[in-house]
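Analysis of the macromolecular model
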Amino acid sequence: MLRILEYIVLAIGVAIIIVISYWMAIWSYSWLPVQATTDAQRVDNIFSFMVMLSSILFLGIIGMISYSIVTCRAPKGDYREGHPSRGDIRIEALWTITPIVLVLVIAGYSFYIYNSMDLAGPTQILGHLHMPLGGEPAYAETVAADTTNADTNTESAETIEVIAKQWSWTFRYPKENVTSTELHLPVNRRARLLLQSKDVLHGFYVPEFRVKQDIIPDRPIDFQFIPTRLGKYLLKDSEFSGTYFALMQADVYVDSPDNYAQWLKQAASRQPAPASNRAVSEYTQPPKRVFKTNWQTVLPADPPVVNYPT
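Attention in this report is confined to the structure presented alongside it.

Calculation rules
Residues numbered from 1 in each chain as written. Predicted model: local features only at pLDDT ≥ 70, side-chain atom pairs only at ≥ 80, totals over all residues. Heavy atoms only, no water. Helix = DSSP H or I, 4+ residues; strand = E, 2+ residues; numbered from the N terminus. Buried < 20%, exposed > 50% of the residue type's maximum accessible area, 1.4 Å probe, protein only. Areas by Shrake-Rupley, 256 points an atom, 1.4 Å probe, with all protein chains shown as cover. Pairing = 2+ DSSP bridges. Contact = heavy atoms within 4.5 Å. Core = buried A, V, L, I, M, F, W, Y, C linked by side-chain atoms within 4.5 Å. Axes fitted to C-alpha atoms, helices over the stretch in contact; angles between N-to-C directions. Parallel < 35°, antiparallel > 145°, perpendicular 65-115°, else oblique. Nonpolar A, V, L, I, M, F, W, Y, C, P; charged D, E, K, R; others polar. Phe/Tyr/Trp six-rings, centres within 6.5 Å; stacked < 30°, edge-to-face > 60°. Salt bridge = Lys/Arg side-chain N within 4 Å of Asp/Glu carboxyl O.

**Comments concerning the overall build of the chain**
- Helix and strand counts for the chain come out as five helices and 13 strands.
- Put simply, the chain has 310 residues, and 37% of those count as buried.
- Summing over all exposed atoms, the chain offers an accessible surface of approximately 18800 Å²; the carbon and sulfur share of this is 61%.

Now the structure itself:
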């Protein structure tokens, strides 16, 4: 009878762990910034999946330890060593096969997500966006997604050249001969970026887009995604690139097609001029040092010459 009661308690404990882990997986969507591309849903799904697995493992181990403390206590004054488990083939198989299965499941699901990215149009997941409960991040001044004609606005926009260097981002629109320090993209249209680095390793990363790509010197990389949410976002360098790494940021705007065309026309009408660059400005200021370190730093590249902004 006591053994049956233990099995019932264990079954209830397993059920509670599964329910809590599933709730954690659903709640984990609110930990992330807003979803602003078609790929964001898939990335968030695998993050939620990992949270659920981690919760099951964590709660399962804590639960087993707690159960053992309650049911397997030695009598008072009994200091004998417990029964050794070495050589038990069942335990050996359990902690060998279980991690292998978990790793294969995670790898398989990750590979599936990776293969499915950049293939589906915005209408396939626009209706299933999970919005964070905590509201918008401070750096993303987003507005409601424009889903009008979302099923027809999936054609590719022009290829935009993205040039990274220490320490600035430059975006060139070859068709209109426009160069900018802001990245503008039309909503619900495939963005095609040609990523290039002029010096060291950089990383193209916009948290709301859930896309990240290392930019390797002397190796142009074609990068694609479909932005689905109007608004202003912040592009960050995800790879440490030297002294002024923290200043390696740029504004990203997802515009309606009309506003995008209007911005391109406005930018094309401006004369190119050197853009403001905080890294250059800080480098040229007299250093404020308590003592001389003789540490070498990298001379920032000249400010980019752009049409917009100036």
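**Regarding the pairing of strand β9 (residues 221-225)**
- Summarising burial for β9: four of the five residues are buried, a large majority.
- Two strands pair when backbone bridges link them, and strand β6 (residues 190-197) and β9 are joined in this way by five bridges, in the antiparallel orientation. Each bridged residue has a counterpart across the sheet, and for Leu-193 the counterpart in β9 is Phe-223.

**Concerning the pairing of strand β7 (residues 202-206)**
- Among the five residues of β7, four are classified as buried, and the element is accordingly described as predominantly covered.
- Counting the residues between successive antiparallel strands, the hairpin from β7 to strand β8 (residues 211-215) contains four residues, one of them, Arg-210, with a positive phi of roughly 60°.

**Describing the environment of Asn-45**
- With respect to the secondary-structure elements, Asn-45 resides in helix α2 (residues 38-71).
- The exposure class assigned to Asn-45 is partly exposed, which follows from its relative accessible area of 22%.
- Sequence separation of Asn-45 and Tyr-29 is 16 residues, and the distance between their C-alpha atoms is 8.2 Å.
- The residues contacting Asn-45, other than those within four sequence positions of it, are Tyr-29 and Tyr-109.

**Section: the nonpolar core**
- Within the largest apolar cluster, 39 residues are counted, with the highest numbers of intra-cluster contacts made by Trp-169, Phe-204 and Phe-209.
- The dominant element in this core, judged by the number of residues it contributes, is helix α4 (residues 257-268), at four residues.
- Every residue in contact with Phe-209, bar those within four places of it in the chain, is listed here: Ala-36, Thr-37, Ala-40, Leu-185, Phe-225, Tyr-233, Val-252 and Val-254.

**A look at the packing of α2 against helix α3 (residues 89-116)**
- For the pair α2 and α3, the least separation of the axes is 10 Å and the interaxial angle reads 170°. Overall, the two elements α2 and α3 adopt an arrangement that is roughly antiparallel. Counted together, Arg-42, Asn-45, Ile-46, Phe-49, Met-50, Leu-53 and Leu-57 of α2 and Leu-102, Val-105, Ile-106, Tyr-109, Ser-110, Ile-113 and Ser-116 of α3 form the full contact between these two elements.
- Here the contact of α2 with α3 is composed, by residue class, of 10 nonpolar, three polar and one charged.

**Quick word on the packing of aromatic side chains**
- Under the definition given, this model contains 14 aromatic pairs.
- With a centroid separation of 6.1 Å and 90° between ring planes, the pair formed by Trp-169 and Phe-204 is classed as edge-to-face. Of this pair, Trp-169 sits in strand β3 (residues 168-173) while Phe-204 sits in strand β7, placing them 35 residues apart in sequence. Both residues of the pair, Trp-169 and Phe-204, count as buried.
- Members of the aromatic cluster, joined through ring pairs, are Trp-169, Phe-204, Phe-209, Phe-223, Phe-225 and Tyr-233.

**Considerations on the pattern of salt bridges**
- Taken as a whole, this structure holds seven salt bridges when the rule is applied.
- Put simply, Arg-210 and Asp-44 hold a salt bridge, and the shortest N to O gap is 2.7 Å. Taken together, the residues span a long stretch of sequence, with Arg-210 in the loop between β7 and β8 and Asp-44 in helix α2 at a distance of 166 residues. With respect to class, Arg-210 is no different from Asp-44; both count as buried.
- Across the pair Lys-212 and Asp-214 runs a salt bridge, and its minimum N-O distance is 3.0 Å.
- Taking relative accessible area as the criterion, Asp-214 reaches 26% and is therefore assigned partly exposed.

**Describing the environment of Leu-234**
- Turning to its location among the elements, Leu-234 is positioned in strand β10 (residues 231-237).
- Between the alpha carbons of Leu-234 and Tyr-253 there is a distance of 8.7 Å; along the sequence they are 19 residues apart.

By themselves, these observations are geometric and do not establish any function.
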